[in-house]
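Chain by chain, the residues:
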Protein chains: 2
Amino acid sequence: MIRVVVADDQELVRAGFGMILDAQPDIEVVAEAADGLQAIEAVAAHRPDVLLLDVRMPVMDGLEAARRVCVEYPDTKVLMLTTFDIDDYVYDALHAGASGFLLKDVRRDDLAHGVRLVAAGEALLAPSVTKRLISEFAARRPGASRRPHRLLDQLTAREQETLRLLARGLSNAEIAAELTVSEHTVKTHVSNLLSKLQLRDRVHAVVFAYEAGAVVAGEA
Amino acid sequence: MIRVVVADDQELVRAGFGMILDAQPDIEVVAEAADGLQAIEAVAAHRPDVLLLDVRMPVMDGLEAARRVCVEYPDTKVLMLTTFDIDDYVYDALHAGASGFLLKDVRRDDLAHGVRLVAAGEALLAPSVTKRLISEFAARRPGASRRPHRLLDQLTAREQETLRLLARGLSNAEIAAELTVSEHTVKTHVSNLLSKLQLRDRVHAVVFAYEAGAVVAGEA
DNA sequence: TCCCGCCTCCCCCTTGCGGCTGAGTCTCCC
DNA sequence: GGGAGACTCAGCCGCAAGGGGGAGGCGGGA
């Protein structure tokens, strides 16, 4: 039996989803909540398998609630629900650790199916969300799995190292300290790598490093 | 009526999927193919709405076929099928432009449902694939979309615009030209956004923009 | 009404950056 | 032995960048 907590600030929505789920032979709604705080309390009290969580709620919104539940009660899987698939919601929810993200116009058997999937440890996204996530994913590192970039091979080891540090925002003096060489040397390296890559200045070098995948966002 | 081409090197698999889909009142299998080249030819000949494409095939594998179809016949949506959800397959398929990725153990109504979704321009992933994509996505930029957006909201419209251009490598003079204001004004904006975001110089601003997702690699 | 935030423009000044030229050491290889 | 390339260091010079300070117009909110 899959035990579920339903959290939504609208009485009718709670009742509707609750009824759909309770009608399933293998799903049981053990509690309801009208805001984020209540949701967390309900999770603490009942330790459900799945928390069905609306994004927009008073007192504490669903994103913050999801964040806390995912940290404090990792056994409870969080399935987010929203009326509109605003981008930020999705990304925030996924970063918060949610297992899924559905729109409220979901068909009733898809909802039950989703709860079962999430309870089984799988993930689930509404089709439109999947679409955006894929395009976002595909766009970010175009062909990342294939080539490390030929241009970078033109640089000497020291130049590549310099570029890496430069792309992290270090000044020439800081790079010099990091590499334990003089600032003059760093300037030479920078100058050489700029001309090799045909870049105007260090700002362009930073842009290049990110675009070329020589530096990856989030790996600071 | 959704017109589908089924491509798989195994006769039985083609027949099975073909039967399932043909049994649907709104889906019609217009051709079959036993390898990647045949698949492309079939797409060229029939211009189907959906191409159901196995990954592992002789002559030309499904990934390469997907890549070509997505470029040459963008109206035909590609739905990949595989027995095992090997990571690289998924990522390559998504980069190739596939609209979805399903495992062959898919239930028959899920398959039909998937074809309809893809034909409608939505995307679709097998649950286990969704799970990995999400964790990959969430890991890459930990909390990227939330916190920085807060910070970005501190900036005025003009400052955000300035940051966007700055992060593309434009000099103050170039930004001024782009915004049709004086360079002095740009300097003021830059100065303000640097202090608001507590960044040292424009190089740090570029790094920030990428790390925060205010600028996304590949969207130059 | 007044005040505040935003956008715009200006001057002065210091600093970091990058181009230019030149040069010493090392290793690798012909 | 000599050449090539990488790494190191140096001085000079021009310029973009960024801080500080000041100021006017313009809109919305108290």
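Preceding this section is the structure that the text describes.
Residues numbered from 1 in each chain as written. Chains lettered and ligands numbered in written order. Predicted model: local features only at pLDDT ≥ 70, side-chain atom pairs only at ≥ 80, totals over all residues. Heavy atoms only, no water.

Teacher, can you tell me more about the overall build of chain A here?
In terms of helices and strands, chain A carries 11 helices and 6 strands. In chain A, which comprises 220 residues, the share counted as buried stands at 51%. A sequence separation of at least 24 residues applies to 63% of the contacts in chain A between residues at least 6 apart. Counting only carbon and sulfur atoms, one obtains 51% of the accessible surface of chain A, whose full area is about 10100 Å². (Helix = DSSP H or I, 4+ residues; strand = E, 2+ residues; numbered from the N terminus. Buried < 20%, exposed > 50% of the residue type's maximum accessible area, 1.4 Å probe, protein only. Contact = heavy atoms within 4.5 Å. Areas by Shrake-Rupley, 256 points an atom, 1.4 Å probe, with all protein chains shown as cover.)

Looking at this model, I keep getting lost on helix α5 (residues 108-119) of chain B. Mind explaining?
An α-helix turns once per 3.6 residues; consequently, residues spaced three or four apart project the same way. All names here are of chain B. The end-to-end C-alpha distance of α5 is 17 Å, a good match for the 16 Å that 12 residues give at a rise of 1.5 Å each. Every buried residue of α5 is listed here: Leu111, Ala112, Gly114, Val115, Leu117 and Val118. One or two residues past the end of α5 sits glycine 121, with phi positive at roughly 90°. (Expected span 1.5 Å × (residues − 1).)

What is the right way to look at the sheet that holds strand β5 (residues 100-103) of chain B in this model?
Neighbouring strands of a sheet are bound in pairs by backbone hydrogen bonds; such pairs are parallel or else antiparallel. Residue and element names in this part refer to chain B. The 6 strands lie next to each other as β2-β1-β3-β4-β5-β6, forming an open sheet whose pairing is parallel. Sheet topology places β2 (27-33) and β6 (124-125) at the edges, where each strand pairs with a single neighbour. Strand direction decides the pairing type here: strand β1 (residues 2-7) and strand β3 (residues 50-54), joined by 4 bridges, are parallel. Bridge pairing links valine 4 to valine 50 in β3. Contacting β1, β2, β3 and β4 (77-82), helix α1 (residues 11-22) runs over the sheet at an angle of about 165° to β2. Sheet strands touched by α5: β1, β2, β3, β4, β5 and β6. Its angle to β3, the strand with the most contacts, is close to 125°. (Pairing = 2+ DSSP bridges. Axes fitted to C-alpha atoms, helices over the stretch in contact; angles between N-to-C directions.)

Where do I start with the protein's contact with DNA strand D in this structure?
Surveying the vicinity of DNA strand D reveals 17 residues, the closest of which are A:Thr156, A:Ser182, A:Thr185, B:Ser191 and B:Arg202. The sugar-phosphate share of atoms of DNA strand D within 4 Å of the protein amounts to 69%. At 2.9 Å, a side-chain N or O of A:Arg158 approaches a phosphate oxygen of DNA strand D. Every element with two or more residues in the surface near DNA strand D is listed here: α8 (157-167) and α10 (183-196) of chain A together with α10 (183-196) of chain B. For the surface near DNA strand D, the class distribution of residues is 3 nonpolar, 9 polar and 5 charged. (Near = heavy atom within 4 Å. Polar contact = N/O pair within 3.5 Å; in protein donor to acceptor, adjacent residues only side chain to side chain. Nonpolar A, V, L, I, M, F, W, Y, C, P; charged D, E, K, R; others polar.)

Which parts of the structure should I look at to understand empty space enclosed by the protein?
Remark: the empty space left among the atoms is shown by a probe the size of a water molecule rolled over them. Residues and elements named next belong to chain B. Overall, the coordinates contain 1 cavity of 30 Å³ or more when judged by the stated rule. One number sums up the size of the largest cavity: a volume of about 30 Å³. Val6, Ala7, Asp8, Phe17, Leu52, Leu53, Asp54 and Leu81 together form the lining of the largest cavity. At the level of secondary structure, the elements contributing two or more residues to the lining of the largest cavity comprise β1 and β3. Here the element with the most residues in the lining of the largest cavity is β3; it accounts for 3 residues. Here the residues of the lining of the largest cavity are counted per class, giving 6 nonpolar, no polar and 2 charged. (1 Å grid on protein atoms, 1.4 Å probe; cavity = no way out; pocket = protein on both sides within 12 Å on 5 of 7 lines; lining within 4 Å. Points joined across faces, edges and corners; volume = space filled by probe spheres on them.)

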